[in-house]
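Analysis of the macromolecular model
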Amino acid sequence: MRSQICRSARTILSAASKQASRSFSGGRAAAAALTFRGRVQALSSSGSFESGNAFRGWISGVLAIPAAAYMLQEQEAHAAEMEQTFIAIKPDGVQRGLISEIISRFERKGYKLVAIKILVPSKDFAQKHYHDLKERPFFDGLCDFLSSGPVIAMVWEGEGVIKYGRKLIGATDPQKSEPGTIRGDLAVVVERNIIHGSDGPETAKDEIKLWFKPEELVSYTNNAEKWIYGVN
């Protein structure tokens, strides 16, 4: 029976594996077990244990690892994956009354709004925002457009928000954007694609720094987070 349990398991927690190696000498038996979401996963390199008492004693030792320590590890991993991105609703999106529609899509996904303001950027400011496109022939027109009216500048926070935020937005050319994306559903031509989103971690940091002062970003816990991420 014990050998069947050992053969059936496939996942080993590295920390438990090290504990097992220390607990059993001579290389005759090494095992690892972990209670994870109600399951015990075990593996024996030799396929058997010297005695039932040894097996039960080893399992008891492993399961004695405090649950609080494991939960802390989960929370630290969760915190490490949180990130922020810059999202702007361009003048055409504002003038078309799409502010609430766009914000609601990020909210329904589960991302958290931590900064928002409305402003009319100067052309000089627009040039700073699009500095990486300075050599492109459409650079001047792009800056004229961004500075042509009110812009909604935002910072959104969540796990994977930079990459998935781009997916929510859709391709730069609305004609190539999938249905269900913001541009795919709400825009028609690339010159009026209604929204901007950071394309990577470094860009996000630079754009947030350009558009917002540090004190304008709000740090808070959303009551919905435990239902979004499963962290109690």
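Residues numbered from 1 in each chain as written. Predicted model: local features only at pLDDT ≥ 70, side-chain atom pairs only at ≥ 80, totals over all residues. Heavy atoms only, no water.

What follows concerns the packing of helix 6 (residues 99-109) against helix 9 (residues 161-169). Where helix 6 contacts helix 9, the axes come no closer than 11 Å and their chain directions differ by 135 degrees. The angle between helix 6 and helix 9 places the two elements in the oblique class. Helix-helix and strand crossings are classified by hand; for helix 6 and helix 9 the assignment is right-handed. Residue-level inspection shows Arg105, Phe106 and Lys109 of helix 6 in contact with helix 9, the latter providing Tyr164, Gly165, Leu168 and Ile169. (Axes fitted to C-alpha atoms, helices over the stretch in contact; angles between N-to-C directions. Helix = DSSP H or I, 4+ residues; strand = E, 2+ residues; numbered from the N terminus. Parallel < 35°, antiparallel > 145°, perpendicular 65-115°, else oblique. Left-handed = near helix turned anticlockwise from the far one by under 90°. Contact = heavy atoms within 4.5 Å.)

Taken as a whole and assessed by the stated rule, the structure comprises 8 salt bridges. Residues aspartate 185 and arginine 105 are paired through a salt bridge, measuring 3.1 Å at the closest nitrogen-oxygen approach. Here aspartate 185, found in helix 10 (residues 182-186), pairs with arginine 105, found in helix 6; they are 80 residues apart in sequence, far enough to count as distant. Assessed through its relative accessible area of 14%, arginine 105 is described here as buried. Note that lysine 112 is salt-bridged to glutamate 157, the shortest N-O span being 3.4 Å. One end of the pair, lysine 112, is in strand 4 (residues 112-119); the other, glutamate 157, is in strand 5 (residues 151-159), with 45 residues separating them in the sequence. (Salt bridge = Lys/Arg side-chain N within 4 Å of Asp/Glu carboxyl O. Buried < 20%, exposed > 50% of the residue type's maximum accessible area, 1.4 Å probe, protein only.)

Quick look at the sheet that holds strand 6 (residues 195-197) now. Read from one edge of the open sheet, 4 strands run 4-5-3-6, paired in antiparallel fashion. This sheet does not close on itself; its edge strands, each paired only once, are strand 4 and strand 6. When the angles between neighbouring strand axes are averaged without regard to direction, this sheet yields 20 degrees. Across 3 bridges, strand 3 (residues 82-89) lies against strand 6 in antiparallel orientation. The residue bridging isoleucine 87 from the neighbouring strand is glycine 197, located in strand 6. Strand contacts of helix 9: strand 3, strand 5 and strand 6, with the helix running at about 30 degrees to strand 3, the strand carrying the most contacts. (Pairing = 2+ DSSP bridges.)

Our focus in this paragraph is the packing of aromatic side chains. Scanning all chains against the criterion turns up 3 aromatic pairs. Measuring from ring centre to ring centre gives 5.2 Å for phenylalanine 106 and tryptophan 156, while their planes differ by 25 degrees; the resulting arrangement is stacked. Of the two residues, phenylalanine 106 sits in helix 6 while tryptophan 156 sits in strand 5, which places them 50 residues apart along the sequence. Ring geometry for phenylalanine 125 and tryptophan 211: centres 4.7 Å apart, planes at 85 degrees, overall edge-to-face. Within this pair, whereas phenylalanine 125 is found in helix 7 (residues 123-129), its partner tryptophan 211 is found in helix 11 (residues 201-211), the two being separated by 86 residues in sequence. For the pair formed by phenylalanine 125 and tryptophan 211, the shared burial category is buried. Feature note: the residues Phe86, Phe125 and Trp211 constitute an aromatic cluster, connected by ring pairs. Across the ring face of tyrosine 220, the terminal group of lysine 112 is positioned such that the distance to the ring centre comes to 4.8 Å. (Phe/Tyr/Trp six-rings, centres within 6.5 Å; stacked < 30°, edge-to-face > 60°. Lys NZ or Arg CZ within 6 Å of the ring centre and 35° of its normal.)

The exposure class of glutamate 157 is buried, given its relative accessible area of 17%. Among the polar contacts made by the side chain of glutamate 157, one reaches the side chain of glutamine 84 at a distance of 2.9 Å. Setting aside residues no more than four positions away along its own chain, glutamate 157 makes contact with Met82, Glu83, Gln84, Tyr111, Lys112 and Val114. (Polar contact = N/O pair within 3.5 Å; in protein donor to acceptor, adjacent residues only side chain to side chain.)

This brings us to unusual backbone geometry. Non-glycine residue isoleucine 194 carries a positive phi angle of around 65 degrees. By relative accessible area, isoleucine 194 is classed as buried at 0%.

This part takes up the side chain of glutamate 225. Mapped onto the elements of the fold, glutamate 225 is located in helix 12 (residues 225-229). Among the polar contacts made by the side chain of glutamate 225, one reaches the main-chain amide nitrogen of asparagine 222 at a distance of 3.0 Å. Those residues in contact with glutamate 225 that lie beyond four places of it in its chain are Lys112, Tyr220 and Gly230.

This part takes up the nonpolar core. Judged by nonpolar contacts, the single largest core of 21 residues is most densely connected at Ile102, Phe106, Trp156, Ile194 and Ile195. What phenylalanine 106 contacts, discounting residues up to four positions off in sequence, is Ile87, Tyr111, Trp156, Gly165, Leu168, Ile169, Ile182 and Ile195. (Core = buried A, V, L, I, M, F, W, Y, C linked by side-chain atoms within 4.5 Å.)

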